[in-house]
Amino acid sequence: MVVQRFYRYTMFFYLYVYFSGFNSMMPFWALFLSNKYNYSSQNIILFFSFFSFTVFLLELPAGLITDRLGAKKSSAVGIMLKAVSLLILLFSDNFLTPFISQIIVGTGEAFCSGSRDALAYRYYLMQHDKSNFHTFNAKVNSINWIGILTSFICASFASYVSLNSILICSFSAYLLASISVLFVKIHESDEEIYSNNSIQQIKDITRTLIKDKNLGMLLVFTSVIQALLCAMFTLFQPLLNELDIADMTNGFLYAFVTLFAVIGSLVQPFIRKKVDDDFKQLAIVSIFMISICLIVAFAKLNLFKLIILFAVFRFVFGYSGPAISSMLNLSIQKENMRASIFSIQSLALNLFQSIVLLLLQALDISTSTRYCFIFAFIIVFMLMIWRIRKNEHKVE
């Protein structure tokens, strides 16, 4: 009976992970905003930067609330806020409505980002020890990517009905995700909810990061790597537009390349068994990123080459998610700080990403995109050199 109950809770957890990954509008934002709100390219990039900046501002407060409220409740709140943001877009044609929607969805993401990884770790430890968490975490990430892939396919078909149908698709998925997470069973003792006040909590987290240099270094490195991955994903859209990709085919294209993200998540634990070292795992991701940046920056691209590069990039994106999440989860010793530390990592990630988007908004996108990839290459290369020197010093 206990085993049956556990598997039932596991089903609800996987349903939450799957439906929370729905992001149906991603391939169609430019078309939707330009048609319904008459947005220019600059307006659209500013629209995206509102999301990153909102997450940056609210990430740490949301993480502190999560460590007090619990990962399950915070996840439900975050998903419901995302659903509300879509409802606003459905019923309002005001020029400022999308920006208000981005503030709401950014608030929801701030609640979800820290709690999602913490919830996965706490849920897994209910029945298992830490030794095989890499495999479980890779499975969770692959299910999330399958949800994203499914949402792109659904959006592609829904777009032939109307663009509002795509919003309804994501809204329905978020409702199912928020209901599913409430049925996930997490014992209070597993949550270890923080009892001190917020100022003391921030002091304790800062002291922990200063004292644990390995965790602090890992936090910095992974934040910048994931920020660059997110920024590079945004930069692929202008490159596709340069080749006049039809807007209605974007969903199928995004679904195709996202299939490689699913593969990346699934193969990560197998590579982990061969290369069981955090530094080497990050090196694999960095080398892939450096290669992609150099090719995009200097090679003459046609449609076929760009799609192949986009697919390889999504593979790296899918591979890095469970790798980085596992590294951080297994490096965090204090359970009641878990969500807050993940929130700090997401805070740094979104700060960097919002800076890149604001720079793009200020520049001519068509001439600056390749230079941004050169900039990403320089940053990743410098990080690799810094990490190699730190690793050599550790060995000595």
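Not measured: the values here are computed from a predicted model. (Residues numbered from 1 in each chain as written. Predicted model: local features only at pLDDT ≥ 70, side-chain atom pairs only at ≥ 80, totals over all residues. Heavy atoms only, no water.)

A. Fine view of the packing of helix α2 (residues 29-37) against helix α7 (residues 163-182). With their axes 10 Å apart at the nearest point, α2 and α7 run at an angle of 125 degrees to one another. In terms of axis orientation, α2 runs oblique to α7. For the crossing formed where α2 meets α7, the hand is left-handed. Packed against α2, whose contacting residues are L31, F32, N35 and K36, the element α7 presents L163, N164 and L167 at the interface. Grouping the constituent residues of the contact of α2 with α7 by class yields 4 nonpolar, 2 polar and 1 charged. (Axes fitted to C-alpha atoms, helices over the stretch in contact; angles between N-to-C directions. Helix = DSSP H or I, 4+ residues; strand = E, 2+ residues; numbered from the N terminus. Parallel < 35°, antiparallel > 145°, perpendicular 65-115°, else oblique. Left-handed = near helix turned anticlockwise from the far one by under 90°. Contact = heavy atoms within 4.5 Å. Nonpolar A, V, L, I, M, F, W, Y, C, P; charged D, E, K, R; others polar.)

B. A look at unusual backbone geometry. Despite not being glycine, N38 has its phi angle at roughly 60 degrees, a positive value. Judged by relative accessible area, N38 falls into the exposed class, the value being 65%. (Buried < 20%, exposed > 50% of the residue type's maximum accessible area, 1.4 Å probe, protein only.)

C. Representation of α2 within the structure. Those residues of α2 not exposed but buried are W29, L31, F32, L33 and Y37. Remark: N38 follows α2 within two positions and exhibits a positive phi of approximately 60 degrees.

D. Broad picture of the nonpolar core. Judged by nonpolar contacts, the single largest core of 53 residues is most densely connected at I225, M289 and F313. Breaking this core down by element, the ones donating at least two residues are α6 (133-158), α9 (198-211), α10 (213-242), α11 (250-274), α12 (278-298), α13 (303-331), α14 (338-362) and α15 (365-395). At 13 residues, α13 tops the list of elements feeding residues into this core. L31, Y39, A76 and F171 belong to the second largest nonpolar core, which has 49 residues in total. (Core = buried A, V, L, I, M, F, W, Y, C linked by side-chain atoms within 4.5 Å.)

E. Spotlight on the side chain of T97. Structurally, T97 can be placed in helix α5 (residues 97-125). Overall, T97 belongs to the buried group, its relative accessible area being 5%. Beyond its immediate sequence surroundings of up to four residues, T97 is in contact with Y37, I88, L89 and S92.

F. How the structure looks around α6. Over its 26 residues, α6 runs 37 Å from end to end, which matches the ideal 38 Å to within 8%, given 1.5 Å per residue. In terms of burial, α6 is a largely internal element, 19 of the 26 residues being buried. (Expected span 1.5 Å × (residues − 1).)

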